[in-house]
Amino acid sequence: MTKPRVLIAEELSPATVEALGPDFDVVHCDGADRAALLPAIADVDAILVRSATQVDAEAIAAAKNLKVIARAGVGLDNVDIKAATQAGVMVVNAPTSNIVSAAELAVALLLASARNVVPAASALRNGEWKRSKYTGVEVADKTVGIVGLGRIGILVAQRLSAFGVKLIAYDPYVQPARAAQLGVRMMPLDDLLAEADFITVHLPKTPETIGLIGDEQLHRVKPTVHIINAARGGIVDEAALYRALVDGRVAGAGLDVYAKEPCTDSPLFSLETVVGLPHLGASTDEAQEKAGIAVAKSVRQALSGELVPDAVNVQGGQLADAIKPLVPLAEQLGGIACSLADAAVERVDVEALGEIAHHDVRVLELSVLKGVFQKLVHDPVSFVNAPVLAEQRGVEVALTSDTTSEDHRSLLRVMLTLTDGVTVSVAGTVSGPRDSAKVVEVDGFDVDVPISEHMAFLRYQDRPGVVGTVGRILGEAGVNIGGMQVSRDESGHALTVLTVDSAIAPDRLEAIITEVQAASGKAVDLA
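Starting from 1, residues in each chain are numbered consecutively following that chain's sequence as written. Where local features are concerned, this predicted model is filtered to residues with pLDDT of at least 70; where side-chain atom pairs are given and counted, the filter is 80 or more; whole-chain, interface and lining totals use all residues. Hydrogens and water are ignored here; the side-chain numbers use all heavy atoms of the structure.

**Let's talk about unusual backbone geometry**
Our working definition: Secondary structure is summarised from DSSP: a helix means a run of H or I of at least four residues, a strand means a run of E of at least two, and numbering begins at the N terminus for each. Exposure classes here rest on a 1.4 Å probe applied to the protein chains alone. A residue is buried below 20% of its type maximum, exposed above 50%, and partly exposed in between.
Between glutamate 261 and proline 262 the backbone carries a cis peptide bond, its omega angle lying at -5 degrees. Within the secondary structure, proline 262 is located in the loop between β11 (252–255) and β12 (274–276). Even without glycine at this site, asparagine 116 takes up a positive phi of about 55 degrees. Among the secondary structure elements, asparagine 116 is positioned in the loop between α5 (99–114) and α6 (117–125). Look at asparagine 116 and you get buried, because its relative accessible area is 17%. Located in the positive-phi region is aspartate 435, a residue other than glycine, with phi close to 50 degrees. As for its placement among the helices and strands, aspartate 435 is situated in the loop between β16 (423–431) and β17 (436–442).

Shown next, in the form of structure tokens:
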């Protein structure tokens, strides 16, 4: 078999290729060179980039086999996530790879700003000994305001607590009780601005956070305040910060990020009170290695058909251990249900019952949709574009869960409502030490049949000789029956479910339907 091709479009840690392993054909190009990128991406299954390569709609359209875009870092400004989702391409990043490096750099900027490290060092290099000019301030006993108490903000708080500071924070999504456990007091942004001696920003860049600290906010701070931004450019208004520094309303600033990058000509760089760095937050050997290894593992998972639950454009939630064996089951049940349908699908209902209902089960809805649409469309279907396909076709989707399940510890049921008003319902579970998948219910008929690559479902009025007839026709066709189960209802209707070792040819299935006078017969191939 041909190995999947992986394009590395920027310089990454050697550990990245090692983490991919020998199962991939790895090729390289300069992703910043558009003329080199577009032909190189045309036939690859995955592309790994940092921040210099623009993986936009044009690049995605040129990549006919692309399944994964992997950003070895956190920010995704250079990836068109909407276009990727539309094309069914998974987008992954390494959201925790650089958090330690970013937190440490924020602390470094804070200390450098407090002690005038950069201008003092520069003066010394120029032969000037200016001890009195560059008197700084101690961090101990000061109040540090953390704007954004996420993963990096928490790391900054933990590190600064050793300096004997008072920690306050603003973050509308963090509960005060959680912050109190970290020794941090939560408060509104305006109160933080007025109280803090140091302000350090650790928020994502969104429409709501752009310009969050602007001219109005910088008129509320202490004139002795130092402002640190190692998060994203634009959260602190750079023009407003420059005016505040020139006017003496802000004592100093440490910046690693800018509204437009690369940035080499900001008026802020003319001020000795500003420590400016060229976006070095993730620029450590350790962070680059962690990022490369993380996205390499995600690429391996995705190209092997596994779900990457924390992919940026897969809304599957956290994948608990109890849910993992049900992900392939959900896809299989979706495929079986769709194969049994005789009309177009109008609505998909997914029910998660029993112990699994204690967990986040959103991924099971995705997996069911993937199974359904693999039977309905010719284009590739993935965990990424399955919800898009449902929306485009006007298919309603609903997911419900209930901790009650009478007969099984965990049960997953898929019900399709068709355009002719008919419903198709299939339920399954996993059991045993290997979590073997099986079908346990079809349209109200109780069964217990292991799921196989090749299955058949027959409905008929129960009478003697049917099983023999089915066996004879399949035997003559050279199709071996792996298992068979008959289920009957009180009115004498019967459902037979077969697992077979090879696909049943359409003419053989039609012969079975005719001879047993079946109301319906469906062959289901899940390979």
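**Some remarks on the packing of helix α16 (residues 466–476) against helix α17 (residues 506–515)**
Note the following rule: Geometry is summarised by axes, namely lines fitted to C-alpha atoms with helices restricted to the contacting stretch, and by angles between N-to-C directions that run from 0 to 180 degrees. Oblique is the label for every angle not falling under 35 degrees (roughly parallel), over 145 degrees (roughly antiparallel), or within 65 to 115 degrees (roughly perpendicular). Crossing handedness is read from the near helix: turned anticlockwise from the far helix by less than a right angle, it gives a left-handed crossing, and turned clockwise, a right-handed one. Note on contacts: a residue pair is in contact if any heavy atoms of the two residues lie within 4.5 Å. Only Asp, Glu, Lys and Arg are considered charged in this grouping, and only Ala, Val, Leu, Ile, Met, Phe, Trp, Tyr, Cys and Pro are considered nonpolar; every other residue, Gly among them, is considered polar.
Two numbers describe how α16 lies on α17: the axes approach to 10 Å, and their chain directions differ by 155 degrees. Looking at the two axes, α16 sits roughly antiparallel to α17. Read as a crossing pair, α16 and α17 show a hand that is right-handed. Residues Thr469, Val470, Arg472, Ile473 and Leu474 of α16 form the contact with α17, whose participating residues are Arg508, Ala511, Ile512 and Glu515. Here the contact of α16 with α17 is composed, by residue class, of 5 nonpolar, 1 polar and 3 charged.

**Points about a nonpolar patch on the surface**
The criterion, for reference: Every patch collects residues that have over 30% relative accessible area and no salt bridge, joining them within 9 Å if they carry like charges and within 5 Å if they are nonpolar side chains (Val, Leu, Ile, Met, Phe, Trp, Tyr). The method behind every accessible area is Shrake-Rupley, applied with a 1.4 Å probe, and residues are considered shielded solely by the protein chains displayed. For this analysis, a salt bridge means a side-chain nitrogen from Lys or Arg found within 4 Å of a carboxyl oxygen belonging to Asp or Glu.
On the surface, Val467, Met484 and Val486 cluster together into a nonpolar patch covering about 200 Å² of accessible area. Assignment of secondary structure puts valine 486 in strand β20 (residues 481–488).

**Points about the sheet that holds strand β21 (residues 493–500)**
Within a sheet, each strand pairs with its neighbour through backbone hydrogen bonds, oriented either parallel or antiparallel. The criterion, for reference: A pair of strands is treated as paired once DSSP finds two or more bridges between them.
Pairing within the open sheet is antiparallel, and its 4 strands lie in the order β20-β21-β19-β22. Of all the strands in the sheet, the pair left with one neighbour each is β20 and β22 (520–525). Mean inter-strand twist for the sheet, computed between neighbouring axes without regard to direction, equals 15 degrees. Strand direction decides the pairing type here: β20 and β21, joined by 7 bridges, are antiparallel. In the strand pairing of β21, arginine 488 is matched with alanine 494. Strands β19 (454–461) and β22 of the sheet are contacted by α17, whose axis makes an angle of about 150 degrees with β22.

**Considerations on the environment of aspartate 443**
As a reminder of what qualifies: Throughout this description, a polar contact denotes any pair of N or O atoms lying within 3.5 Å of each other; where both atoms belong to protein, one of them has to be capable of donating a hydrogen while the other can accept it, and for residues adjacent in sequence the pair is counted only when both atoms sit in side chains.
Tracing the backbone through its elements, the reader meets aspartate 443 in the loop between β17 and β18 (445–450). Ignoring any residue separated from it by four or fewer positions in sequence, one finds aspartate 443 in contact with Thr423, Val424, Ser425 and Arg459. At 2.6 Å, the side chain of aspartate 443 forms a polar contact with the backbone nitrogen of serine 425.

**A word on the layout of surface pockets**
Inclusion rule: Cavity and pocket criteria rest on a 1 Å grid covering protein atoms alone: a 1.4 Å probe that fits but cannot get out defines a cavity, protein on both sides within 12 Å along at least 5 of 7 lines defines an open pocket, and an atom within 4 Å of a point defines a lining residue. Grid points are joined across faces, edges and corners, and a volume is the space filled by probe spheres set on the points.
The space that makes up the second largest pocket amounts to roughly 750 Å³. The wall of the second largest pocket is formed by 31 residues, among which Lys67, Gly88, Pro380, Val381 and Ser382 lie closest to the centre. Counting residues per element, the ones that place at least two in the lining of the second largest pocket are α3 (57–62), α12 (285–303), α14 (362–374) and α15 (386–392). Partitioned by chemical class, the residues of the lining of the second largest pocket number 16 nonpolar, 9 polar and 6 charged.

**Quick word on the environment of alanine 36**
Mapped onto the fold, alanine 36 is located in helix α2 (residues 34–41). Relative accessible area serves as the criterion here: at 25%, alanine 36 is assigned to the partly exposed category. Each C-alpha atom of the pair alanine 36 and leucine 333 lies 43 Å from the other, and the pair is 297 residues apart in sequence.

**Re the pairing of strand β5 (residues 90–93)**
Each regular strand carries side chains that alternate between the two faces of the sheet. Of the two faces of β5, the one carrying Met90 and Val92 and the one carrying Val91 and Asn93 are both buried. Here strand β4 (residues 68–71) runs beside β5; their pairing, made up of 4 bridges, is parallel. Across the sheet, the residue bridging to isoleucine 69 is valine 91, located in β5.

**A closer look at the pattern of salt bridges**
Between side chains of opposite charge, a pair can form as their charged atoms come close. Evaluated as defined, the whole model comprises 29 salt bridges. Residue glutamate 331 pairs with lysine 370 through a salt bridge whose shortest N-O separation is 3.2 Å. Taken together, the residues glutamate 331 in helix α13 (residues 326–339) and lysine 370 in helix α14 connect sequence positions 39 residues apart. Residue classification places glutamate 331 among the partly exposed residues on the basis of a relative accessible area of 22%. The exposure class of lysine 370 is buried, given its relative accessible area of 11%. The salt bridge involving arginine 409 is made with glutamate 355; its shortest N-O contact spans 3.2 Å. Taken together, the residues span a long stretch of sequence, with arginine 409 in the loop between β14 (396–402) and β15 (410–418) and glutamate 355 in the loop between β13 (345–354) and α14 at a distance of 54 residues. Relative accessible area serves as the criterion here: at 64%, arginine 409 is assigned to the exposed category. Salt bridges sharing common partners tie together Arg5, Asp25 and Asp43.

**Focus: α12**
Stated formally: To estimate how far a helix should reach, multiply one less than its number of residues by 1.5 Å. Comment: arc refers to directions from the helix axis out to C-beta atoms.
Between its first and last C-alpha, α12 extends 27 Å over 19 residues, near the 27 Å set by a 1.5 Å rise per residue. Looking at α12, one finds that the buried residues are Ala287, Gln288, Ala291, Gly292, Val295, Ala296, Ser298, Val299, Ala302 and Leu303. Summarising the axial view, the buried residues of α12 lie within an arc of 165 degrees, below the 170-degree limit, and thus occupy one face. The exposed set on the far side of α12, more than 90 degrees from its buried face, consists of Asp285, Glu286 and Lys297. Against the buried residues of α12 lie β1 (5–8), α1 (14–20), β3 (46–49), β4, β5 and α5.

**Focus on the environment of glutamate 10**
Tracing the chain through its elements places glutamate 10 in the loop between β1 and α1. In this structure, the C-alpha to C-alpha distance between glutamate 10 and arginine 50, residues 40 residues apart in sequence, is 6.4 Å. When residues no more than four places from it in sequence are discounted, the contact partners of glutamate 10 are Cys29, Leu48, Val49, Arg50, Ser51, Ala52 and Thr53. One polar contact links the side chain of glutamate 10 to the main-chain amide nitrogen of arginine 50, over a distance of 2.9 Å. At 2.9 Å, the side chain of glutamate 10 and the side chain of threonine 53 are in polar contact.

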